[in-house]
Amino acid sequence: MAAAGKTGTAEPPPRATNGYDEPPDGLVNEPERLASAFSAILRGAGLVIAIRRVMAFTEALRLLGAQRRDGVYWAGRATLVGSPADIGVYDRAFAVFWEGREPSGIVVELPPISVTLATDTDDEGAAPPADDDGEPDTGPTLRVRYSDTETLRHKDFADCTDAELSELHSLMSELRFHAVTRRSRRTVRAKRFSRRPDLRRTIRRALRTGGEAIQREFLTADRKPRRVVLLLDVSGSMEPYARALARFAHAAVVGRTRVEAFTIGTRLTRVTRELSSRDADAGLRDAAASVQDWSGGTRLGATLHEFNDKWGVRGHARGAIVVVISDGWDRGTPDELEEQMARLHRVTHRLVWVNPLKHTPGYAPLARGMAAALPHVDDFIEGHSFDSLEQLAATIAA
């Protein structure tokens, strides 16, 4: 106890005679106002209190409560005091503010501060705000920024202007598609023990040590990228989303290997070669020129039948991740679509259906084509915004 009396840091200062029943002005449930007011007292007493310390003190009051005097004292001392030399000033300010004592050796001067709240965009070089008389405001300015890009990430493609779609197209070119791998029949050298010995390398090493197989080598199965197949519906009902989704298909084809892209409507068209151009605008122009049924009708069952017979059996869909991007409206018979979806689901690794209308409040898959296809789908996700396409890229890579 003697050592503690010398340093004066082991215990808080003695309680005031009037006790500590509740915080000043009864602000027991307002930790933000309490922390702000007490910090102002400390600043007026000459202490430098950073805003991060005030935020830490606010969080401490929110967790501990303001009823217990010792808890409040140590919470403030741990968060607001930055130097041992400031402890004396802190103790006197604590006694004045929290316990109602008369000020002793502490002078609080709080000059009026004019704070300007300004909002702006990401543009640089904006003029400083002015006061009521038109003169530039020299006081502190709290500037609140917002990002057009962050707003566009969640905006429906159908509601975007041409300028907004152009900006979203630029964002799509920056999408990163992580490769999904599968086990291959080829083998490679294993870095650790496995059940498959590498006899050739083991014998070669044994020849260097007089025929003794001191170090054994092993083999493991190699991994290769899993193919991704995109089937993009370009019928008339998909027109509000087709441009943006075609940009997504281009980013996927250019961004990773083993991606096949097809358009489906009244016929099936392979556009992988056209979308493989590094120039996105040129690739989309070539793809649009090769697609003869753009904004036409929809025959999902017939086009999937053609895909299964011409490409699925040849191996493009076998073991692949197949993504069908469509709203599910079909002029064909639901039985044909259900049969072809079942065929496709049997040979694929995963079958994903992306419907831009799924985000609509109260949406239900009532369209005949969507209702027929849904039982054979592994993942049913949205595709109306850039944020939903990022989730699609994550789903493909999962």
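Please read these numbers as outputs of a predicted model, since none were measured by experiment.

Definitions and cut-offs
Residues numbered from 1 in each chain as written. Predicted model: local features only at pLDDT ≥ 70, side-chain atom pairs only at ≥ 80, totals over all residues. Heavy atoms only, no water. Helix = DSSP H or I, 4+ residues; strand = E, 2+ residues; numbered from the N terminus. Buried < 20%, exposed > 50% of the residue type's maximum accessible area, 1.4 Å probe, protein only. Contact = heavy atoms within 4.5 Å. Areas by Shrake-Rupley, 256 points an atom, 1.4 Å probe, with all protein chains shown as cover. Pairing = 2+ DSSP bridges. Right-handed = clockwise from strand over helix to strand, strands pointing away. Expected span 1.5 Å × (residues − 1). Phe/Tyr/Trp six-rings, centres within 6.5 Å; stacked < 30°, edge-to-face > 60°. Axes fitted to C-alpha atoms, helices over the stretch in contact; angles between N-to-C directions. Polar contact = N/O pair within 3.5 Å; in protein donor to acceptor, adjacent residues only side chain to side chain. Salt bridge = Lys/Arg side-chain N within 4 Å of Asp/Glu carboxyl O. Lys, Arg positive; Asp, Glu negative; His and termini not counted.

Visitor: So what exactly am I meant to see when it comes to the overall build of the chain here?
Guide: In terms of helices and strands, the chain carries 15 helices and 11 strands. Here the chain, with 398 residues, has 43% of them falling under the buried criterion. Sequence separation of at least 24 residues holds for 73% of the intrachain contacts in the chain that already meet a minimum separation of 6. Element-wise, carbon and sulfur atoms account for 50% of the exposed surface of the chain, whose accessible area totals about 22,600 Å².

Visitor: How should the pairing of strand 6 (residues 228–233) be read in this particular structure?
Guide: Where burial is concerned, most of strand 6 is hidden: six out of the six residues are buried. The sheet contact formed by strand 6 and strand 7 (residues 259–264) spans six bridges and is parallel. Pairing of L230 across the sheet is with A261, part of strand 7. Running through helix 9 (residues 239–255), the crossover from strand 6 to the neighbouring parallel element strand 7 is right-handed. Here five bridges tie strand 6 to strand 9 (residues 321–325), and the two strands are oriented parallel to one another. If you follow L232 over to strand 9, its bridge partner there is I325.

Visitor: Any chance you could explain helix 4 (residues 69–80) here in plain terms?
Guide: Two residues of an α-helix separated by three or four positions point the same way, owing to the 3.6 residues in each turn. Here helix 4 contains 12 residues, and its C-alpha end-to-end distance of 16 Å stays within 8% of the 16 Å for a straight helix at 1.5 Å per residue. The element helix 4 is largely enclosed, with a buried count of nine among its 12 residues. The set of residues buried in helix 4 consists of R69, G71, V72, Y73, A75, G76, R77, T79 and L80. The secondary structure elements touched by the buried residues of helix 4 are helix 2 (31–44), helix 3 (51–64) and helix 5 (87–99).

Visitor: Looking at this structure, I do not really get the packing of aromatic side chains. What am I missing?
Guide: The geometry of two aromatic rings is summed up by the distance between their centres and the angle between their planes. One pass over the structure, following the stated rule, counts nine aromatic pairs. Aromatic pair F262 and F307: ring centres 5.3 Å apart, planes at 75 degrees, arrangement edge-to-face. Here F262, found in strand 7, pairs with F307, found in helix 12 (residues 300–312); they are 45 residues apart in sequence, far enough to count as distant. We classify F307 as buried; its relative accessible area is 0%.

Visitor: Explain the sheet that holds strand 9 to me, please; I cannot follow it from the model alone.
Guide: Backbone-to-backbone hydrogen bonds join strands into a sheet, with any given pair of strands oriented parallel or antiparallel. Strand order in the open sheet formed by six strands is 8-7-6-9-10-11, with mixed pairing between adjacent strands. Of all strands in the sheet, those with a lone pairing partner are strand 8 (268–270) and strand 11 (379–382), marking the two edges. Ignoring strand direction, the axes of neighbouring strands in this sheet form an average angle of 20 degrees. Across three bridges, the pairing between strand 7 and strand 8 is antiparallel. Paired with F262 across the bridge in strand 8 is R270. Together, strand 6, strand 7 and strand 9 form the strand contacts of helix 9, whose direction differs from that of strand 6 by roughly 165 degrees.

Visitor: What should I look at first to understand the environment of R53 in this one?
Guide: Here R53 shows up in helix 3. Measuring from C-alpha to C-alpha, the distance between R53 and A78 comes to 9.3 Å, with 25 residues separating the pair along the chain. If we ignore the near neighbours within four places in the chain, the residues touching R53 are T79, L80, V81 and G82. For R53, the side chain forms a polar contact with the main-chain oxygen of T79, separated by 3.0 Å.

Visitor: Looking at this structure, how should I read the pattern of salt bridges?
Guide: Any two side chains of opposite charge can pair, given that their charged atoms come close. Scanning all chains against the criterion turns up 12 salt bridges. The partner of E32 in a salt bridge is R62, and the shortest N-O contact between them spans 2.4 Å. Highlighted residues: E32 in helix 2 and R62 in helix 3, separated in sequence by 30 residues. What makes E32 partly exposed here is its relative accessible area of 43%. Taking the shortest distance from any N to any O, the salt bridge between K155 and E164 comes out at 2.9 Å. By sharing partners, the salt bridges in this structure join E32, E59 and R62 into a single network.

Visitor: Looking at this structure, I do not really get the side chain of D330. What am I missing?
Guide: Along the chain, D330 falls in the loop between strand 9 and helix 13 (334–347). For the buried D330, no salt bridge is present, and the opposite-charge side chain at shortest range is R368, 6.9 Å distant. A polar atom in the side chain of D330 sits 2.9 Å from the backbone nitrogen of L300. Leave out the neighbours within four places in its chain, and D330 touches T298, R299, L300, G301, L337, R368 and G369.

Visitor: Sorry, what's going on with the sheet that holds strand 4 (residues 196–197) here?
Guide: The three strands lie next to each other as 3-5-4, forming an open sheet whose pairing is antiparallel. Two strands close off the open sheet at either side, each with one partner strand: strand 3 (181–189) and strand 4.

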